[in-house]
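# Survey of secondary and tertiary structure
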Amino acid sequence: MTSKKLLGGAPLSDRLLSVFVYVFVIFVMIITLYPFLNVLALSFNDSVDSVRGGITIFPRDFTTENYKVIFSFGGLITGFKISVLRTVAGTVVGLISASMLAFTLSRPDFQGRKFVSVFLALTMYVSGGLIPVYFLIRDLHMMGTFWVYILPGLVSAFNVFVIRSFMDGIPYALQESAKLDGANDFTIYWRIILPMAKPALATIALFLAVGQWNSWFDTYLYNGSKESLTTLQFELMKVLQSTTSGNNVDIHNSNMTQMMSSVSPESVKMAITIVVTVPILVVYPFLQRYFVKGMTLGAVKG
């Protein structure tokens, strides 16, 4: 770059490229946010008015009836508590289990790491299927218990490989140095490896949290008849089925029939989408700074 260009600012080609990049990023941001804002607007718009179409990112006839219908169904408070509990417990326990196994497989002095790695990789491609898993859960007496949400998915091969790929990039000399200072394997894992693996752990934590929060099919299979253990997603699925079929089930208040007649299944569906999405959106900003770094380094070092 010449001195003239330095004095006169960036070259025209660089400025044009910067303008193009900014326009492209803004365009991607718009097409990414628009569907969510449209769903939010429809969830707060009157059902009859929504049938006319033309709703963009602002409700045309504002109402909260769609949300009143959702929260008038019994079981939602219990379902919310169970969903939060299984999300927190499943994320913490799953993260500890996956990171412990990943730490073991990343150790070059572990003789069986190749065999265990191959065995884990096979589980990503070969599965017994739904019926054998159902029989296994039944024989283990986990049906009708909270642990059916946690134990079956305790270790995921994908999560282990992502964390292990990150740990492989941590110099083994750090562990050897810690051993010379008298640290045992658990101390090395807890005090040295885990703090350095925060990006990978945050990435996997987000995967685990989203998976646990959105899960409802296991509730349908194993705890559908036990109201004290049903999740929020399962209860909202029942709400949607009720509004679609017109069966007013599990209703608290006397004016529920009138409220049901003022909403449509599509409007309720939009409100349900917002209810189940917002909690994850609140959590994501706290993990976002680690997310890209963890995924990038895990992929490159794999």
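Residues numbered from 1 in each chain as written. Predicted model: local features only at pLDDT ≥ 70, side-chain atom pairs only at ≥ 80, totals over all residues. Heavy atoms only, no water.

### Observations regarding the overall build of the protein
- Counting its secondary structure elements, the protein contains 15 helices and zero strands.
- Put simply, of all contacts in the protein between residues at least 6 apart along the chain, 71% involve residues at least 24 apart.
- Looking at the protein as shown, the accessible area adds up to about 17,800 Å², and 68% of this sits on carbon and sulfur atoms. (Helix = DSSP H or I, 4+ residues; strand = E, 2+ residues; numbered from the N terminus. Contact = heavy atoms within 4.5 Å. Areas by Shrake-Rupley, 256 points an atom, 1.4 Å probe, with all protein chains shown as cover.)

### Considering the packing of helix 5 (residues 76–106) against helix 10 (residues 185–196)
- The contact between helix 5 and helix 10 brings their axes to 11 Å, and the two run at 110°. Judged by the inter-axis angle, helix 5 sits roughly perpendicular to helix 10. From helix 5, Ile96, Ser99, Met100 and Phe103 reach across to helix 10, where they touch Asp185, Phe186, Ile188, Tyr189, Ile193 and Leu194.
- Considered class by class, the residues forming the contact of helix 5 with helix 10 number eight nonpolar, one polar and one charged. (Axes fitted to C-alpha atoms, helices over the stretch in contact; angles between N-to-C directions. Parallel < 35°, antiparallel > 145°, perpendicular 65-115°, else oblique. Nonpolar A, V, L, I, M, F, W, Y, C, P; charged D, E, K, R; others polar.)

### A short note on the nonpolar core
- In this structure, Ile163 and Met167 are the most contacted members of the largest nonpolar core, which totals 24 residues.
- The element best represented in this core is helix 8 (residues 157–168), accounting for six residues. (Core = buried A, V, L, I, M, F, W, Y, C linked by side-chain atoms within 4.5 Å. Buried < 20%, exposed > 50% of the residue type's maximum accessible area, 1.4 Å probe, protein only.)

### Some details on the packing of helix 5 against helix 11 (residues 198–214)
- Where helix 5 contacts helix 11, the two axes come as close as 8 Å, and the packing angle between them is 145°. For helix 5 against helix 11, the interelement crossing comes out right-handed. Along its contact with helix 5, which presents Phe80, Ser83, Val84, Arg86, Thr87, Gly90, Thr91, Gly94, Leu95 and Ser99, the element helix 11 presents Leu201, Ile204, Ala205, Leu208, Ala209, Gln212 and Trp213.
- When the residues that make up the contact of helix 5 with helix 11 are grouped by side-chain class, the tally is nine nonpolar, seven polar and one charged. (Left-handed = near helix turned anticlockwise from the far one by under 90°.)

### Examining unusual backbone geometry
- Positive phi, close to 60°, is recorded for His141, a residue that is not glycine.
- With respect to the secondary-structure elements, His141 resides in the loop between helix 7 (130–139) and helix 8.
- Residue classification places His141 among the exposed residues on the basis of a relative accessible area of 69%.

### Let's talk about the confidence of the model for the protein
- Per-chain confidence: the protein averages 83 in pLDDT, with 85% of residues scoring 70 or above.
- This model gives residues 1–8 a pLDDT under 50, and the stretch forms four contacts once residues within four places in sequence are excluded.
- When the criterion is pLDDT under 50, residues 298–302 qualifies, and its contacts beyond four places in sequence or with other chains add up to six contacts. (pLDDT = per-residue confidence, 0-100.)

### With respect to the packing of aromatic side chains
- Taken as a whole and assessed by the stated rule, the structure comprises 16 aromatic pairs.
- Geometrically, the ring pair formed by Phe44 and Phe62 is stacked, given 5.3 Å between the ring centres and 10° between the ring planes. Note that Phe44 is positioned in the loop between helix 2 (12–43) and helix 3 (47–50) and Phe62 in the loop between helix 3 and helix 4 (65–71), a separation of 18 residues in sequence.
- Here Phe44 falls in the partly exposed class, since its relative accessible area comes to 23%.
- Relative to Tyr220, the ring of Trp216 has its centre 6.2 Å away and its plane inclined at 65°; by these criteria the two rings are edge-to-face.
- Looking at Trp216, the relative accessible area reads 34%, which means it is partly exposed.
- Put simply, the rings of Phe103, Phe186, Tyr189 and Trp190 pair up and form one aromatic cluster. (Phe/Tyr/Trp six-rings, centres within 6.5 Å; stacked < 30°, edge-to-face > 60°.)

### As for the pattern of salt bridges
- This model, assessed by the stated rule, comprises 12 salt bridges.
- Lys68 is the partner of Glu65 in a salt bridge, and the nearest nitrogen-oxygen pair spans 3.6 Å. Highlighted residues: Glu65 and Lys68, both in helix 4, separated by three residues, approximately one helical turn.
- Overall, Glu65 belongs to the partly exposed group, its relative accessible area being 25%.
- A salt bridge links Asp168 to Arg164; the nearest nitrogen and oxygen atoms lie 3.6 Å apart. Here Asp168 and its partner Arg164 are both found in helix 8, four residues apart, which amounts to about one turn of the helix.
- The exposure class of Asp168 is partly exposed, given its relative accessible area of 37%.
- Within this structure, Arg107, Asp109, Lys179 and Asp185 form a network of salt bridges that share partners. (Salt bridge = Lys/Arg side-chain N within 4 Å of Asp/Glu carboxyl O.)

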